[in-house]
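For reference, the chains in residue letters:
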Amino acid sequence: MKKIMALLLTSAVLAACAGQGVVYKPQAQIMPQHIKKIAVRPILNKTEVFALEDKFYIELYDQFLQNGTYQIVSENNGAEGVVVTTITRYLNIPIQYDSQLIPTVYRMEVWLDVVLIDKSTNQPVWREPAFLGTQIYSASTMPGGMTEVQARDVIWQKLSKDIIKRTVDGFGSVMSENKKKVMQNPEYTTITQ
């Protein structure tokens, strides 16, 4: 009898929550109130691929300026928060070939470690250790294809927007991959064509 009552009570509670007006929305976890000025530190590149960080830094900086939520200043000029970004992995792998075994489609992946540091406490406000940007693209010899540099520019745009969204909207807005999955999988090594 107790099981039947518990089952009926549980189903009644679930039925009450199943209405159209009931939506679970967690409390937003946003930046501390005292952070109004942010600095974007030059990006570190820990891959063997040369000069990835330059274009990405410009794109990230421009996206922060376009967003306008926080004032962008230099780190020594009153910054209350600092975005520190490290490119940890870069993969550009052919995933499709033509009849003569010439690559026609590639999958590009860029892995980042991104931290927002509170300058007053010198502690991280948030950290995403395995931000992933991916782009599948056709070779430039194919109709509608793109070069590796063009695909990289698309990834820089996506990742910049994700970093801005994570900074402005807070926890849960954008998530990184599982760090163990990245580090323990031999497939995630730096590869380029």
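Cut-off values and rules
Residues numbered from 1 in each chain as written. Predicted model: local features only at pLDDT ≥ 70, side-chain atom pairs only at ≥ 80, totals over all residues. Heavy atoms only, no water. Helix = DSSP H or I, 4+ residues; strand = E, 2+ residues; numbered from the N terminus. Expected span 1.5 Å × (residues − 1). Contact = heavy atoms within 4.5 Å. Buried < 20%, exposed > 50% of the residue type's maximum accessible area, 1.4 Å probe, protein only. Lys, Arg positive; Asp, Glu negative; His and termini not counted. Salt bridge = Lys/Arg side-chain N within 4 Å of Asp/Glu carboxyl O. Phe/Tyr/Trp six-rings, centres within 6.5 Å; stacked < 30°, edge-to-face > 60°. Pairing = 2+ DSSP bridges. Arc of directions from axis to C-beta. Core = buried A, V, L, I, M, F, W, Y, C linked by side-chain atoms within 4.5 Å.

## Considerations on helix α3 (residues 148-169)
Part 1: The terminal C-alpha atoms of α3, which comprises 22 residues, lie 31 Å apart, in line with the 32 Å expected from a rise of 1.5 Å per residue.
Part 2: Check the buried side of α3 and you find it contacts β1 (37-40), α2 (53-67), β4 (81-97), β5 (103-118) and β6 (123-138).
Part 3: Following α3 by one or two positions, G170 has its phi on the positive side, about 90 degrees.

## Details of the side chain of E59
Part 1: Positionally, E59 belongs in helix α2.
Part 2: We note that E59 is buried and unpaired, the nearest opposite charge coming from K161 at a distance of 6.6 Å.
Part 3: Ignoring sequence-local partners within four residues, the contact set of E59 consists of W156, Q157 and S160.

## Description of the packing of aromatic side chains
Part 1: With the rule as written, the count across this model stands at 3 aromatic pairs.
Part 2: Each ring, one from F56 and one from W156, has its centre 4.6 Å from the other, and the planes form 20 degrees; the classification is stacked. With a gap of 100 residues between them, F56 in helix α2 and W156 in helix α3 connect regions that are remote in the sequence. One exposure class covers both F56 and W156, and it is buried.
Part 3: Considering the side-chain rings of Y57 and Y61, the 5.9 Å spacing of their centres and the 35 degrees angle between planes classify their relative orientation as tilted. Note that Y57 and Y61 are positioned in helix α2 at a spacing of 4 residues, about one turn of the helix.

## Here we look at the pairing of β1
Part 1: Strand direction decides the pairing type here: β1 and strand β3 (residues 71-72), joined by 2 bridges, are parallel. Bridged to K37 within β3 is Q71.
Part 2: Sheet topology note: the β1/β4 ladder contains 3 bridges and is parallel. Counterpart to I38 in the pairing with β4 is G81.

## Here's the deal with unusual backbone geometry
For residues that are not glycine, phi is negative in most cases, and the peptide bond is trans in most cases.
Part 1: Located in the positive-phi region is A51, a residue other than glycine, with phi close to 65 degrees.
Part 2: Examined against the element boundaries, A51 turns out to sit in the loop between β2 (44-45) and α2.
Part 3: The phi dihedral of L101 falls on the positive side, at around 60 degrees, and the residue is not glycine.
Part 4: Considering the arrangement of structural elements, one finds L101 in the loop between β4 and β5.
Part 5: The exposed category is assigned to L101, whose relative accessible area is 66%.

## Looking at α2
Two residues of an α-helix separated by three or four positions point the same way, owing to the 3.6 residues in each turn.
Part 1: End to end, α2 covers 21 Å across 15 residues, agreeing with the expected 21 Å (1.5 Å per residue, within 8%).
Part 2: Along α2, the residues classified as buried are F56, E59, L60, Q63 and F64. Each buried residue of α2 lies within a common arc of 135 degrees when the element is viewed along its axis, so the set occupies one face.
Part 3: Structurally, α2 contributes buried residues whose contacts are with β1, β3, β4, β5 and α3.
Part 4: At the C-terminal side of α2, G68 shows a positive phi close to 75 degrees.

## Things to note about the nonpolar core
For soluble globular proteins, nonpolar side chains are generally found buried alongside one another.
Part 1: Core analysis: the largest hydrophobic core is formed by 31 residues, its most contacted members being F64, L112 and I163.
Part 2: For this core, the elements supplying multiple residues, two or more each, are β1, α2, β4, β5, β6 and α3.
Part 3: Not counting residues within four places of it along the chain, the set of residues in contact with I163 comprises F56, L60, F64, V83, T85, L112, V114, W126 and F131.
Part 4: Listed in part, the 7 residues of the second largest apolar core include V73, A79, V84 and I117.

## Focus: the pairing of β6
The two faces of a sheet get side chains in turn, since along a regular strand they alternate between them.
Part 1: Across 13 bridges, the pairing between β5 and β6 is antiparallel. Note on β6: the bridge partner recorded for I117 is P124.
Part 2: The antiparallel pairing of β5 with β6 creates a hairpin that spans 4 residues between the two strands, and N122 there sits at a positive phi of about 55 degrees.

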